[in-house]
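# Overview (structure and organization)
Each chain, letter by letter, is given below.
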Amino acid sequence: MHVNAQAGQRPGNRMLYIGDIAFTPSPQRLVGIRHGVVAMENGIVSGRYESMDDVPSDWLDAPKTDFGDALVIPGFNDLHIHAPQYPTAGLGLDKELLPWLETYTFPAEARFASPDYARIWYQRFIQRMWEGEPCVSARSRPCTAKPR
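Just so we're clear, the structure is a prediction, and the values are computed from it rather than from any experiment.

## Considerations on the packing of aromatic side chains
With the rule as written, the count across this model stands at six aromatic pairs. On the numbers, 5.3 Å between centres and 85° between planes, the contact of F112 with Y117 is edge-to-face. Relative to W121, the ring of Y117 lies with its centre 6.4 Å away and its plane at 45°, an arrangement referred to as tilted. With Y117 and W121 both in helix 2 (residues 115-130) and four residues apart, this pair spans about one turn of that helix. The exposure class assigned to Y117 is partly exposed, which follows from its relative accessible area of 21%. Taken together, Y86, F112, Y117, W121, Y122 and F125 form an aromatic cluster joined through their ring pairs. The residue whose ring lies beneath R48 is F23, and the NZ or CZ to ring-centre distance is 3.9 Å. Above the ring of W121, the side-chain terminus of R124 is found at 4.5 Å from the ring centroid.

Right, here's the structure in full:
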C-alpha cells in the first residue's frame, strides 16, 4: 500500500506509521525495525523508533496508521520503470546513479535504435508486466520513433 505522507497535511501536522520499518541510513547499511514506528511531520521523516514506548511523549496524540506486519519504507521510493532499461535490471547495484547510467543504461538503451532488438525486449518487458512483476510500477506510454 502506498501512503502519500504529504497529502492533506498542514504546517505542524504529525503522523505516526507503525509496521515493519526498513530504511538505509547510508548506502552501505540497511536497517530493519520489526513493529517499529516512523514519525512524520509535514511530510518529512522526523524519527524512527523501535516501538511506541520509544516515541516522545509530545507525539503520542498524533494520528496513527498501523500497517501490522506490512513493510514500511520511509523515503523517496521511485517506482517508475523504463522498458529500455529492462535488459539491465539487477546490474550495477554497487554503483551510484550516474556511473550506473553511464556503464549499463546508456549503452543498453542505444541498442534500442534497432527495431528488431527493441521488438524483442519490449515483448519480454510487456510479458513480465503481464506476469505481475514488479508488483507495483508506474508506467507511461513510450515515445515513438519514426522509421528512417
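## What about the pattern of salt bridges?
The full count for this structure, using the stated rule, is five salt bridges. The salt bridge involving E41 is made with R14; its shortest N-O contact spans 3.5 Å. Residue E41 is found in strand 2 (residues 29-41), and its partner R14 is found in strand 1 (residues 14-26); the two are separated by 27 residues along the sequence. For E41, a relative accessible area of 26% translates into the label partly exposed. What makes R14 partly exposed here is its relative accessible area of 22%. A salt bridge links R119 to D116; its shortest N-O distance comes to 3.0 Å. Of this pair, R119 and D116 both sit in helix 2, three residues apart, which is roughly one turn of that helix.

## A closer look at the sheet that holds strand 2
Spatially, four strands are ordered 3-2-1-4 in an open sheet, and the strand pairing comes out mixed. Of all strands in the sheet, those with a lone pairing partner are strand 3 (44-49) and strand 4 (64-72), marking the two edges. With direction set aside, neighbouring strand axes in the sheet form an average angle of 40°. Strand direction decides the pairing type here: strand 2 and strand 3, joined by five bridges, are antiparallel.

## Thoughts on the environment of G36
Examined against the element boundaries, G36 turns out to sit in strand 2. A relative accessible area of 0% places G36 in the buried class. Taking the C-alpha atoms as reference points, G36 and D66, 30 residues apart in sequence, are found 9.9 Å from one another. The contact partners of G36, leaving out residues within four places of it in the chain, are Y17, I18, G19, I21, Y49 and E50.

Reading guide: rules and limits
- Starting afresh in each chain, residues are numbered from 1 along the sequence in its written order.
- At least 70 in pLDDT is required for a residue's local features to be given in this predicted model, at least 80 for side-chain atom pairs to be given and counted, and no such filter applies to totals for whole chains, interfaces and linings, which use all residues.
- Note that water and hydrogens are dropped before the side-chain values are worked out from all heavy atoms of the structure.
- Any two of the Phe, Tyr and Trp rings considered here, Trp counted by its six-membered ring, make a pair once their centres fall within 6.5 Å; the pair's planes then place it as stacked at under 30 degrees, edge-to-face at over 60, or tilted in between.
- Put simply, DSSP H or I for four residues or longer makes a helix, DSSP E for two residues or longer makes a strand, and each gets a number counted from the N terminus.
- Partly exposed residues are those whose accessible area sits between 20% and 50% of the maximum for their type, while under 20% is buried and over 50% is exposed, using a 1.4 Å probe and protein chains only.
- Cation placement over rings: the criterion is NZ of Lys or CZ of Arg within 6 Å of the ring centroid and within 35° of the ring normal.
- Should a side-chain nitrogen of Lys or Arg be within 4 Å of a carboxyl oxygen of Asp or Glu, the pair is scored as a salt bridge.
- Here a strand pair is declared whenever DSSP counts at least two bridges between the two strands.
- Working convention: axes come from line fits to C-alpha atoms, limited for helices to the stretch in contact. Angles between N-to-C directions cover 0 to 180 degrees.
- Contacts are assigned to residue pairs that have any heavy atoms within 4.5 Å of one another.

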